[in-house]
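# Structural features, examined
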Amino acid sequence: MKKNLFLGVAISALAIAPFSASAEALVVGVKAEISAADPHVLFGPNRDIGGQVYEPLFGTDNAQNPVPGIVTEWTAIEPTVYEFHLRDDVEFSDGKPLTSEDVKFSIERAQNLDAPRTFKTYLSDIEEIEIVDDTTFRIHTTAPTAILVNNLATVGLVSSTSAVDATEEDFVSGNAAVGTGPYLWSEWIAGDHVTLTANPNYWGDAPEFDQITYRFISNDSTRAAALLSGDVDVIDAVSPTIVSRIEETEGFEVYSGTSYMLFYVGLNQHADENQYVTDKDGNVIPNPFKDQRVREAVSKLVNRDLIADRVMEGFATPAGQFVPEGMSGHIASLTALEYDPAGAKALLSQAGYPEGFNLTIQCTADRYMNDGKVCQALGQLLSAGGIATEVQTIPSSAYFGRASTGGPNGEPEFAFFTVGFGAANGVADAALSALAMTYDKEAGTGANNRARYSNPQVDALSNEARSENDPEKRQALLSEAQTIAIGEQAIVPIHFLNSIWAAREGIVVTPRTDGFTRDSNVDLAK
């Protein structure tokens, strides 16, 4: 039978097998391993797991909307000055009261951390944190910002005492792992699992479980087998090809909901040449992706409907922009280019490639749902359209470093690559800033812009939208910026992933748009 759920659907099998998990422990099989224990290293799995140890100032509901949390009241006292009031009963796990000094320390640390992926994109508007008293602080911004609260909901708080000069090793060992969240950092065995234990002094509602263990099981079939055998209680990122197998097994349920995760193609627009683009004889040629016509041809060669329906088996929505329907900044009229091999061939000929060229594309096969299969499908579609394509799948542990800084001079390495991006703050501004604004490490823009697309008009419109509080004017600015960026193929959107979980009898999962699997959205059946 089917049951309607907020943001999703639960597909039930006959549930008669006994439930083995208890309120004391939950074991979750997850596809992606965390990349760091430091909560200010930005990566989806890090936020998922670590966000239960290091709370942000605001929480989010299952649709990414900010909700009050550690901050109880806030107001704009000037166009660029915002005042916040903290709860007075929040303590870190070591017993130290949370104060404005910890907030200031945490935000400044996240702004200045030197890491491959950081929260700088979300904090670039913040110029100064002013401490008024222990529970009151003010944030001064470089300009009025409509999304400050959304951005503050992304960054975890650390102790200004325990995290001073803390290294990654200090967080791994637990020496600096002091947060205010419902769980405590217990153990990370790289390649195997992370274990969290309930924080007995948590200021909010008591955690549902005494312990949560996240086991890293990248292989989809192995993860499903672990669930069906009783080794784990819940799994995430269920492959569409495995859904029916789980549905047909007594005692298990599948949950699915729309995700904010955009799966897209990046095309190298900065290198004069790239080793992965050659002529038919294997000689490196001038980079064709600097030509917008070639980028548009690539987009026209992507059959998004086929990929969503067949490769993803209906668990994806074809994408033509940065955020899905329902999220702030979505544009109803902005749709993907139609699959048009003849039109792509004409564009390639106009650009000087009537016979196409040779291309090696790089993708992960262990990070996103069916990412390896989608990569193979993209290779076949490009080859059929005249771009002879070889597919390389790379473990995500090595992939992202190479995609970001693997070139000979520390620049992005690949010519054509696939990546996922979810707007952590729930608004289109984040995707625009990270994926389409000019890469500027100091300004914190273009943090995920590995293609190095750059258009000053997009930069100006994006910045203006961030400062515009009038909803209609703000939406108009976002629409114009996104339309230009997508029209020039800053990225080539493929689809928005569904998040799919499966759980044994007695566990209920409420889907979240961010795909997280947390105490807050995993419950014992009542």
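For the structure itself, look to the data block above.
## Observations regarding the state of the cysteines
If you walk through the whole model with that rule in mind, you get one disulfide. Across the disulfide from C363 sits C375; the S-S distance is 1.9 Å. Residues C363 and C375 are joined by a disulfide whose S-S torsion is about 65°; by sign, that bridge is right-handed. Placement of C363 in strand β18 (residues 358-364) and of C375 in helix α11 (residues 371-384) is noted, with a sequence separation of 12 residues between them. C363 sits in the buried class, given a relative accessible area of 0%. Taking the relative accessible area as the measure of exposure, C375 reaches 0% and is therefore buried.

## Quick look at unusual backbone geometry
One non-glycine residue with positive phi stands out, namely N370, at about 55°. Checked against the element boundaries, N370 lands in the loop between β18 and α11. With relative accessibility at 4%, the residue N370 sits in the buried group. You will see that R452, though not glycine, has its phi angle at about 65°, which is positive. Within the element layout of this structure, R452 appears in the loop between α13 (428-436) and α14 (456-467). Residue R452 is classed as partly exposed on the basis of its relative accessible area, which comes to 22%.

## A closer look at empty space enclosed by the protein
Remark: the empty space left among the atoms is shown by a probe the size of a water molecule rolled over them. Evaluation of the coordinates by the stated rule reveals five cavities of 30 Å³ or more. Of the volumes computed, that of the largest cavity is approximately 390 Å³. For the lining of the largest cavity, the secondary structure elements donating two or more residues are α1 (44-50), β14 (252-267) and β21 (492-504). Residues that form the lining of the largest cavity fall into these classes: 14 nonpolar, five polar and five charged. There is about 300 Å³ of room inside the second largest cavity.

## Here we look at the side chain of R109
Following the sequence through the fold, R109 ends up in helix α2 (residues 100-112). A distance of 3.0 Å separates a polar atom in the side chain of R109 from a polar atom in the side chain of H40. If we ignore the near neighbours within four places in the chain, the residues touching R109 are D38, H40, V158, A163, A166 and F171.

## Some points on the packing of helix α6 (residues 220-228) against helix α7 (residues 240-247)
Pairs of packed helices are described in terms of their axes, by the angle between the two and the distance that separates them. The interhelical angle for the contact between α6 and α7, taken along N-to-C directions, is 20°, at an axis separation of 10 Å. In terms of their interaxial angle, α6 and α7 are classed as roughly parallel. As α6 runs across α7, the sense of the crossing is right-handed. Residues D220, S221, A224, A225, L227 and L228 of α6 touch α7, and the partners they reach there are I242, R245 and I246. Among the residues forming the contact of α6 with α7, the class breakdown is six nonpolar, one polar and two charged.

## Examining the pattern of salt bridges
For the coordinates displayed, the defined rule picks out 18 salt bridges. As a salt-bridge pair, D38 and R109 come within 2.7 Å of each other at their nearest N and O atoms. Residue D38 is found in the loop between β3 (25-30) and α1, and its partner R109 is found in helix α2; the two are separated by 71 residues along the sequence. Across the pair, R109 and D38 agree in class, each one buried. The closest approach of N and O atoms between D114 and K441, which form a salt bridge, is 3.7 Å. Here D114, found in the loop between α2 and α3 (120-123), pairs with K441, found in the loop between α13 and α14; they are 327 residues apart in sequence, far enough to count as distant. The partly exposed category is assigned to K441, whose relative accessible area is 48%. Because the salt bridges share partners, they merge into one network encompassing K31, D220, R223 and D236.

## Here's the deal with the sheet that holds strand β7 (residues 81-86)
The strand order across the open sheet built from four strands is β6-β7-β9-β8, with neighbouring strands paired in antiparallel fashion. On the outer flanks of this sheet lie β6 (71-78) and β8 (126-133), each paired with one strand and no other. With direction set aside, neighbouring strand axes in the sheet form an average angle of 20°. In this sheet, strand β9 (residues 136-141) lies alongside β8 in antiparallel orientation, the contact comprising six bridges. Each residue of the ladder has a partner; that of D133, found in β9, is T136. Where α2 meets the sheet, it contacts β7, β8 and β9, and its direction lies at approximately 165° from that of β8.

## What about the packing of helix α8 (residues 292-300) against helix α10 (residues 341-350)?
The geometry of α8 relative to α10 is characterised by a closest axis approach of 8 Å and an angle of 165° between their N-to-C directions. Here α10 runs roughly antiparallel to α8, going by the angle between their axes. Handedness of the crossing formed by α8 with α10: left-handed. Contacts from R293, V294, E296, A297 and K300 of α8 reach α10 at P341, G343, A344, L347, L348 and Q350. The residue makeup of the contact of α8 with α10, split by class, is six nonpolar, two polar and three charged.

Conventions we followed
Residues numbered from 1 in each chain as written. Predicted model: local features only at pLDDT ≥ 70, side-chain atom pairs only at ≥ 80, totals over all residues. Heavy atoms only, no water. Disulfide = S-S within 2.5 Å. Helix = DSSP H or I, 4+ residues; strand = E, 2+ residues; numbered from the N terminus. Buried < 20%, exposed > 50% of the residue type's maximum accessible area, 1.4 Å probe, protein only. 1 Å grid on protein atoms, 1.4 Å probe; cavity = no way out; pocket = protein on both sides within 12 Å on 5 of 7 lines; lining within 4 Å. Points joined across faces, edges and corners; volume = space filled by probe spheres on them. Nonpolar A, V, L, I, M, F, W, Y, C, P; charged D, E, K, R; others polar. Polar contact = N/O pair within 3.5 Å; in protein donor to acceptor, adjacent residues only side chain to side chain. Contact = heavy atoms within 4.5 Å. Axes fitted to C-alpha atoms, helices over the stretch in contact; angles between N-to-C directions. Parallel < 35°, antiparallel > 145°, perpendicular 65-115°, else oblique. Left-handed = near helix turned anticlockwise from the far one by under 90°. Salt bridge = Lys/Arg side-chain N within 4 Å of Asp/Glu carboxyl O. Pairing = 2+ DSSP bridges.

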